[in-house]
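# Results of the structural survey
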Amino acid sequence: MTVIDMLQQDHSLDNEQATSLQAKLKELEAFFDKNFEDSPKFFQAFYSKFEKTIAPYGFEEGDAKQAEPLVSHLYLQGDFKILVSYIIPAYYQSGGDSETFSDTYTQLMNSY
């Protein structure tokens, strides 16, 4: 299953929305790579940017539990494993609940 298929099937996005979100997520990954800074301020800004990126596609800002299935599905997509490895630690570094994303985080840590 492609990322586009997953976004359409599991998150009820149409083809245009799925294509747009896929591109924006790739831009988010590039933003992290270009601007990385090991600081709480950066991690908070990055996670906030992630929330703002997905908000127009039906994911409420500030509701990590709502974003959790998306992050889990993205992790299963080879092209987005790196992005997920940025999102989850940024969430935790920002003071997020350690139960949120815990299954995906465990999979991520076991893959190293």
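Look a little higher up for the structure.
Report follows, based on the coordinates. Values in this document were obtained by computation on a predicted structure and should not be read as measured data. (Residues numbered from 1 in each chain as written. Predicted model: local features only at pLDDT ≥ 70, side-chain atom pairs only at ≥ 80, totals over all residues. Heavy atoms only, no water.)

Our focus in this paragraph is unusual backbone geometry. Within the chain, Ser12 stands out as a residue other than glycine whose phi angle is a positive 55°. Here Ser12 is to be found in the loop between α1 (3–11) and α2 (15–35). Unlike most non-glycine residues, Phe101 shows phi in positive territory, near 65°. Note on placement: Phe101 falls in the loop between α5 (81–93) and α6 (102–110). (Helix = DSSP H or I, 4+ residues; strand = E, 2+ residues; numbered from the N terminus.)

A few words on the side chain of Thr53. Along the chain, the position of Thr53 falls in helix α3 (residues 40–54). Look at Thr53 and you get buried, because its relative accessible area is 13%. For Thr53, the side chain forms a polar contact with the main-chain oxygen of Lys49, separated by 2.7 Å. (Buried < 20%, exposed > 50% of the residue type's maximum accessible area, 1.4 Å probe, protein only. Polar contact = N/O pair within 3.5 Å; in protein donor to acceptor, adjacent residues only side chain to side chain.)

Below, the discussion takes up the environment of Gln22. Note that Gln22 resides in helix α2. Distance in space between the C-alpha atoms of Gln22 and Val3 is 7.2 Å, their sequence separation being 19 residues. The contact partners of Gln22, leaving out residues within four places of it in the chain, are Val3, Ile4, Leu7 and Phe80. (Contact = heavy atoms within 4.5 Å.)

Okay, the nonpolar core next. Among soluble globular proteins, nonpolar side chains are generally buried collectively. If you look at the biggest cluster of nonpolar residues, it comprises 34 residues, and the most contacted ones within it are Leu7, Leu25, Phe46, Tyr47, Phe50 and Ile54. For this core, the secondary-structure elements that each account for two or more residues are α1, α2, α3, α4 (64–75) and α5. Among the elements that line this core, the one with the most residues is α5, at seven residues. Setting aside residues no more than four positions away along its own chain, Phe50 makes contact with Leu25, Leu28, Ala67, Val71 and Ile87. (Core = buried A, V, L, I, M, F, W, Y, C linked by side-chain atoms within 4.5 Å.)

The end-to-end C-alpha distance of α3 is 21 Å, a good match for the 21 Å that 15 residues give at a rise of 1.5 Å each. Among the residues making up α3, those that are buried are Phe42, Phe43, Phe46, Tyr47, Phe50, Glu51, Thr53 and Ile54. The elements touched by buried residues of α3 are α2, α4 and α5. (Expected span 1.5 Å × (residues − 1).)

As enumerated under the stated definition, the model contains three salt bridges in all. Among the ionic pairs, Lys52 bridges to Glu61, the shortest N-O distance being 3.2 Å. (Salt bridge = Lys/Arg side-chain N within 4 Å of Asp/Glu carboxyl O.)

This brings us to the packing of aromatic side chains. Counted under the stated rule, the structure contains 14 aromatic pairs. Geometrically, the ring pair formed by Phe32 and Tyr86 is stacked, given 3.7 Å between the ring centres and 15° between the ring planes. Of this pair, Phe32 sits in helix α2 while Tyr86 is found in helix α5, placing the two residues 54 residues apart along the sequence. Exposure class is identical for Phe32 and Tyr86. Each is buried. Relative to Phe43, the ring of Phe36 has its centre 6.1 Å away and its plane inclined at 65°; by these criteria the two rings are edge-to-face. On the basis of relative accessible area, Phe43 is assigned to the buried category, the value being 8%. Taken together, the ring pairs connect Phe31, Phe32, Phe36, Phe42, Phe43, Phe46 and Tyr86 into an aromatic cluster. We note Lys81 situated over the ring of Tyr75; from NZ or CZ to the ring centre the distance is 5.0 Å. (Phe/Tyr/Trp six-rings, centres within 6.5 Å; stacked < 30°, edge-to-face > 60°. Lys NZ or Arg CZ within 6 Å of the ring centre and 35° of its normal.)

So far we have only geometry, and geometry alone does not tell us how the molecule works.
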